[in-house]
Every structure is written in structure tokens, then in C-alpha cells.
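# Fold and contact review
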Amino acid sequence: MYYSVPGQNNQNWSIGIAESHDLTSWTKTGTIEPGADYEKNGLCAPGAIVKDGRVNLFYQTYGNGKNDAICHAVSEDGIHFTRNSTNPIFRPAGNWTCGRAIDAEVVAFKNRYFLYFATRDPDYKVQMQGVAATASLNTTFNREEWTQLADHPILKPELPWEKSCIEAATCIQQGKYLYMFYAGGYNNEPQQIGVARSSDGIRWKRLQTLPFLPNGKPGSWNESESGHPDIFKAKDQRYYLFFQGNNDKGRSWYLSKKEILFKNGWMLKEE
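What comes next is a walk through the structure. In this text the structure is predicted, and so the values were computed from the model without any measurement.

This brings us to the state of the cysteines. For the structure on display, the rule yields 0 disulfides. For the unlinked cysteine Cys71, the closest cysteine sulfur is that of Cys44, found at 11 Å. Between Cys98, a free cysteine, and Cys165, which holds the nearest cysteine sulfur, the sulfur-to-sulfur gap is 12 Å.

Attention now goes to the environment of Leu207. Among the secondary structure elements, Leu207 is positioned in the loop between strand S15 (205–206) and strand S16 (225–233). Accessibility expressed as a relative area gives 35% for Leu207, which makes it partly exposed. Separated by 198 residues in the primary sequence, Leu207 and Asn9 have C-alpha atoms spaced 38 Å apart.

Before going further, it helps to examine the pattern of salt bridges. The final tally for this structure, using the stated rule, is 8 salt bridges. Arg100 is the partner of Asp68 in a salt bridge, and the nearest nitrogen-oxygen pair spans 3.0 Å. You can see Asp68 sitting in the loop between strand S5 (54–61) and strand S6 (70–75) and its partner Arg100 sitting in the loop between strand S7 (81–83) and strand S8 (102–109), a full 32 residues away along the chain. Each member of the pair, Asp68 as well as Arg100, carries the same accessibility label: buried. Here Asp200 and Arg203 are joined by a salt bridge, their closest N and O atoms 2.6 Å apart. Overlapping salt bridges, with partners in common, bring together Glu158, Glu162 and Arg206 in one network.

Here we come to the packing of aromatic side chains. Scanning the model with the defined rule gives 17 aromatic pairs in all. An angle of 80 degrees between the planes, with centres 6.3 Å apart, marks the rings of Trp26 and Phe242 as edge-to-face. One end of the pair, Trp26, is in the loop between strand S2 (14–19) and strand S3 (27–32); the other, Phe242, is in strand S17 (residues 239–246), with 216 residues separating them in the sequence. The exposure class of Phe242 is buried, given its relative accessible area of 12%. Feature note: the residues Phe58, Tyr113, Phe141 and Trp146 constitute an aromatic cluster, connected by ring pairs. The ring of Tyr124 carries Arg120 above its face, with NZ or CZ at 4.4 Å from the centroid. The cationic tip of Arg197 hangs over the ring face of Tyr177; the distance from NZ or CZ to the ring centre is 3.9 Å.

Conventions adopted
Residues numbered from 1 in each chain as written. Predicted model: local features only at pLDDT ≥ 70, side-chain atom pairs only at ≥ 80, totals over all residues. Heavy atoms only, no water. Disulfide = S-S within 2.5 Å. Helix = DSSP H or I, 4+ residues; strand = E, 2+ residues; numbered from the N terminus. Buried < 20%, exposed > 50% of the residue type's maximum accessible area, 1.4 Å probe, protein only. Salt bridge = Lys/Arg side-chain N within 4 Å of Asp/Glu carboxyl O. Phe/Tyr/Trp six-rings, centres within 6.5 Å; stacked < 30°, edge-to-face > 60°. Lys NZ or Arg CZ within 6 Å of the ring centre and 35° of its normal.

Right, here's the structure in full:
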């Protein structure tokens, strides 16, 4: 598991590494500290995929405002990483975005890799989702291999509970569809998790108007939020949605999971 670690006074973020044999008990095994000049203010929001037997980590720079961007690193053992020489590998362009890219999610779909990212409008107020893609599955994920697929957000806040933010997308394919779990609302507003579906990776339709995974009831451990999801397929073919929550408006930070059930390419419910 790769996860964000805040530094002192919420500055100079790094990435923690933990391992588990049951997906419930985790032991920290390493840390990825800022190394390159473009990471000097911090790095966080990691997401990993395995390609050709190596772990490919996609993460964002942090602390640079509109200049934060998506980076890539690769590892043979999942702990020691070599950064992509073309980092940062992606920032969005167009008059619909401020140019920032965070919360990377990379998934193989329809014989290429899709990169989903969160960005903000030019006024830096509304957080929304964008998408880029490689030309094929044969890629090194270098900067020049990514093409922005839409000159507009593919998903933006529209429902009352989403407020002014959609971020932290995580995707998984089931049958002909790609399912996206996303965080709606900024941290602790409360942030809650929604779900959408797409057959082409670009056009998305929400599956429900209420949060798929809401924040907890008053007094519960996740009263302040259930947010920043990550969908994971385990070796036993079961699916788990990992997410963060807390009950003190972000002074603490906990990770948990729920099992997600699919049948014949359709999502049934969460357990």
C-alpha cells in the first residue's frame, strides 16, 4: 500500500509504503521522500499498477499550487523507485483548467492506458476530473506519450453533496464498463464517495444521485468524511474499496475498507 504522509505543519508531504498479508493488518516497510528538485515541496497521492512485472507509481507534486503535476516512478521490488526522467509527466492544458493535475489514477482499458486526474477551474475554486491516455499498452509512460482526450472536465460537481469538488478517482473494469469511484466535496465538508460508469473511458454517467459511501453518523469514526477511495482486486478475486475517514475534522487520519460485489460485469452493492 502506498499512502500520503503529511510533514510537520502539514508541509513537505512524503509517501509511505506498507505491506499486508490479509489486507487488514499493515506494517510500514518504507518511505519515498522528496528527492528531485520538482518534489522539493513534497509529493503525495500515490497510485500504483503492475506492468511487465514492475511496480509503476503515479503521484503528484505538492505545495506548488497551480503548478502541481503528475509524476511517475518505477520499481522492481515495490520499495525502491527510479523516477521517470521526463517528470513531471502530465499537466492539463486549455482555458477550462488552471493547469494543475493531482490525484493520478492510471488504468488499462480498451488497449491503452487512461490517466485520470483532478484539476481546478481557472479561478482555482472548483475541483473536477480530466483524462489523458497513451496510444497503446506498449508505453513507458513518458511525458510525450500522453494525449489529453478532452478539452473540458469529464466529471464535475453537480449534485448537492459534491459541493465544489470531485477528486481522487479510482477505476476498475468489469465487463465492458469502467467503474469510477470518486470523492465528492472537499476534505471534511464532509467528503463522501460517489460512483460513475463509462463504456469508453471518456463519457461518464453517475449510477446514483446519493453518495455510494457516505460519511458516518455522528459519533462514528468517520463522522467527518469517507473519502479518497481506492478500488483493489485481491488475489482471491474479491474487490475492496479502501478509503480514508476521521471524526475530528482532519486532525486525525484513518484508512479502512469495504468489500464491493460485482456479478456479470454489474456492480451489486457494497458490504
